[in-house]
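Summary of structural features
If you want the building blocks of each chain, they are given just below.
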Amino acid sequence: MAFVNWARNQSGTPAEVRTPSRVEDVVRAVRDAAATGRRVRMAGTGHSFTGVALTDGIMLEPDALTGVRAWSGDRVTVLAGTPLRVLNELLDSRGLALANMGDITEQTVAGAIQTGTHGTGRDSGGLADQVIELELVLADGSVASAAPGEDLFDAARVGLGALGILTAVTLRVEPAFLLHNRRRKLALGDVIASLDELTTAEHLDFFWLPHTEACLVKTNNRSPGPARPPGAFRRWLDTVFLENTVFGAACALGARLPELIPRINALSAAALGDSESVDVSYKAFTARRDVRFLEMEYAVPRERLSQALRETRDLIELMDWKITFPVEVRVTPPSDAWLSTAYGRESAYLACHVYRPTPNPAYFEGVEEIMTRLGGRPHWGKLHTRDAAYLAKVYPRFADFAALRDRLDPGRLFTNPYLDTVLGP
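Before going into details, it helps to say that this report is about the structure given with it. (Residues numbered from 1 in each chain as written. Predicted model: local features only at pLDDT ≥ 70, side-chain atom pairs only at ≥ 80, totals over all residues. Heavy atoms only, no water.)

1. Quick look at the sheet that holds strand β20 (residues 377–378)
If you walk across this open sheet you meet the eight strands as β16-β13-β15-β14-β18-β19-β17-β20, and the pairing is antiparallel. Looking at strand neighbours, the two that pair on one side only are β16 (275–280) and β20, the edges of this open sheet. The strands touched by helix α7 (residues 232–256) within the sheet are β13 (178–187), β16 and β19 (347–355), with β19 carrying the most contacts at an inclination of about 60°. Sitting on the sheet, helix α10 (residues 305–319) touches β14 (203–208), β17 (293–301), β18 (327–332) and β19, and the angle it makes with β19 is about 20°. (Pairing = 2+ DSSP bridges. Helix = DSSP H or I, 4+ residues; strand = E, 2+ residues; numbered from the N terminus. Contact = heavy atoms within 4.5 Å. Axes fitted to C-alpha atoms, helices over the stretch in contact; angles between N-to-C directions.)

2. Some points on the nonpolar core
By size, the foremost hydrophobic cluster in this structure holds 69 residues, and its most contacted members are Val-40, Leu-152, Val-169, Leu-171, Trp-380 and Leu-423. No other element matches helix α1 (residues 23–36), which puts six residues into this core. Discounting chain neighbours no more than four positions away, the residues touching Val-40 are Val-30, Ala-33, Thr-55, Ile-58, Leu-60, Ile-165, Leu-413 and Phe-414. Within the second largest apolar cluster, 43 residues are counted, among which are Leu-294, Tyr-298, Tyr-363 and Val-367. (Core = buried A, V, L, I, M, F, W, Y, C linked by side-chain atoms within 4.5 Å. Buried < 20%, exposed > 50% of the residue type's maximum accessible area, 1.4 Å probe, protein only.)

3. Some words on the pairing of strand β15 (residues 214–223)
Judged by how many residues are buried, β15 sits mostly within the fold: eight of ten residues are covered. Bridge analysis of β13 against β15 gives ten bridges, and the strand direction is antiparallel. Looking at the pairing, Arg-184 lines up with Val-217 of β15. Pairing between β14 and β15: six bridges, direction antiparallel. In the strand pairing of β15, Leu-204 is matched with Thr-219. Taking the residues between adjacent antiparallel strands as the criterion, β14 and β15 are bridged by five residues, where His-211 takes a positive phi near 75°.

4. Some points on the pairing of β18
Remark: a regular strand shows side chains that alternate across the two faces of the sheet. By the criterion of burial, β18 is predominantly enclosed, with six of the six residues buried. Alternating residues of β18 divide into Val-327, Val-329 and Val-331 and Glu-328, Arg-330 and Thr-332, and every residue in both groups is buried. Pairing of β14 with β18, which is carried by four bridges, proceeds in the antiparallel orientation. The partner of Asp-205 across the bridge, within β18, is Arg-330. The pairing of β18 with β19 spans five bridges and is antiparallel. When the sheet's bridge partners are listed, Val-329 is paired in β19 with Leu-350.

5. Examining helix α8 (residues 261–271)
Burial in α8 covers these residues: Ile-261, Ile-264, Asn-265 and Ala-269. Projected onto a plane normal to the axis of α8, the buried residues spread over an arc of 140° and lie on a single side. In α8, those exposed residues whose orientation departs by more than 90 degrees from the buried face are Arg-263, Leu-267, Ala-270 and Ala-271. On its buried face, α8 sits against β13, β15 and α7. (Arc of directions from axis to C-beta.)

6. Observations regarding the environment of Ala-144
Mapped onto the fold, Ala-144 is located in strand β10 (residues 143–146). Counting along the chain gives 232 residues from Ala-144 to Gly-376, while the straight-line C-alpha distance between them is 33 Å. Excluding anything up to four places from it in sequence, Ala-144 contacts Leu-134, Glu-135, Leu-136, Leu-138 and Leu-152.

7. Regarding the layout of surface pockets
Roughly 170 Å³ of internal volume is contained in the second largest pocket. Lining the second largest pocket are 15 residues, with Ile-261, Lys-322, Ile-323, Thr-324 and Thr-358 positioned closest to its centre. Among the secondary structure elements, those contributing two or more residues to the lining of the second largest pocket are α7 and β19. Among the residues making up the lining of the second largest pocket, the classes are represented as nine nonpolar, five polar and one charged. (1 Å grid on protein atoms, 1.4 Å probe; cavity = no way out; pocket = protein on both sides within 12 Å on 5 of 7 lines; lining within 4 Å. Points joined across faces, edges and corners; volume = space filled by probe spheres on them. Nonpolar A, V, L, I, M, F, W, Y, C, P; charged D, E, K, R; others polar.)

8. Digging into the side chain of Lys-382
Mapped onto the secondary structure, Lys-382 falls in the loop between β20 and α12 (388–394). By relative accessible area, which is 11% here, Lys-382 ends up buried. Separated by 3.0 Å, the side chains of Lys-382 and Glu-295 make a polar contact. Among the polar contacts made by the side chain of Lys-382, one reaches the side chain of Glu-297 at a distance of 3.4 Å. (Polar contact = N/O pair within 3.5 Å; in protein donor to acceptor, adjacent residues only side chain to side chain.)

9. Here we look at the pattern of salt bridges
Applying the stated rule across the entire model yields 29 salt bridges. Between Asp-103 and Arg-289 there is a salt bridge, with its nearest N and O atoms 3.5 Å apart. Note that Asp-103 is positioned in the loop between β8 (96–97) and α3 (109–114) and Arg-289 in the loop between α9 (281–285) and β17, a separation of 186 residues in sequence. According to the relative accessible area criterion, Asp-103 is buried, its value standing at 14%. It is possible to trace a salt-bridge network through shared partners that takes in Glu-295, Glu-297, Glu-328, Arg-330 and Lys-382. (Salt bridge = Lys/Arg side-chain N within 4 Å of Asp/Glu carboxyl O.)

10. Some thoughts on the environment of Asp-140
As for its placement among the helices and strands, Asp-140 is situated in the loop between β9 (131–137) and β10. The exposure class assigned to Asp-140 is exposed, which follows from its relative accessible area of 56%. A distance of 2.6 Å separates a polar atom in the side chain of Asp-140 from a polar atom in the side chain of Ser-142.

Right under this line is the structure:
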């Protein structure tokens, strides 16, 4: 049975597919793969744009490896295949929440953590920074736990599945909280000039519409309440109709008539307006994404964000590319996970998207040249062309990760072509 990712740009046919429901099932699969000379990988929900999940050996689909194993105060231990949307609902039912998260919730907990999925935050980092213990099956079939203070913990939190197969994760949680969400339309020049002020928000996320000066700036800050969530109609209008149905139709029109894209974007910019709400955190953090796209995202040092934005804007104008999707910008504090894109530095993320039916490799290549010149680190689950030689230069602990991998998986039971490229064979 073929595996196809969400964006439909990655596919592969494993020799065998298994659906483990217990850790013992994963152990058996790892031992069987080793005994028969095959590789083994755990796939998530396919929300990576790279081939990180692919294998021609045994593919594990964790649909049955889900749910909460244990609740304990400010800790929750969750099985690896649990979708983030399910985890959010389980936490909310107990009056708990994650401190921060990305805007998509379809991924599995393990898949999101292993590829370095992040949100945006002044003080709180990505999912890997909220992990306080890991359980994983190693290449020898043993089950290992990793906790703070251990090399395996800092390496495996964003481990790409290269050190072992994650089976359970313990996350730090906190009492549920409200976020004051504010959306404003600002000019790109004003955004660039006020980045230092804007990043004082607890959570900043903004989108620039190419071919216009318009930015939609979203900030989330904790609120004592009372809750003022968007009404059902308003939520449907924004998240379903405007951001998906209308936007999807605009992308389809632009695909047929590219010369109209600047005018389409200008109309979209004119439709942007200001709004405010106060809602439970996971609803304020997250968004619905129905229009399929391809994405490349790089993390650059926070102090180089202005330069990255200006050069990206200038390049699009110079090359006269017709880009329908906004360019998204987020920020995070430093991380101590070895392969986190935010390792050791305050980081800003610049994400470029294109409509799936109209890929534009030249656009991604051009922006990638800017990002790498600024010391950028590509998101592990999003499109890029970097290899181990480049990545070793921008990750201070890359050699330590490689050495640990050599020790734990010398036979490369967990590898695949993507890992051979980014980590070395």
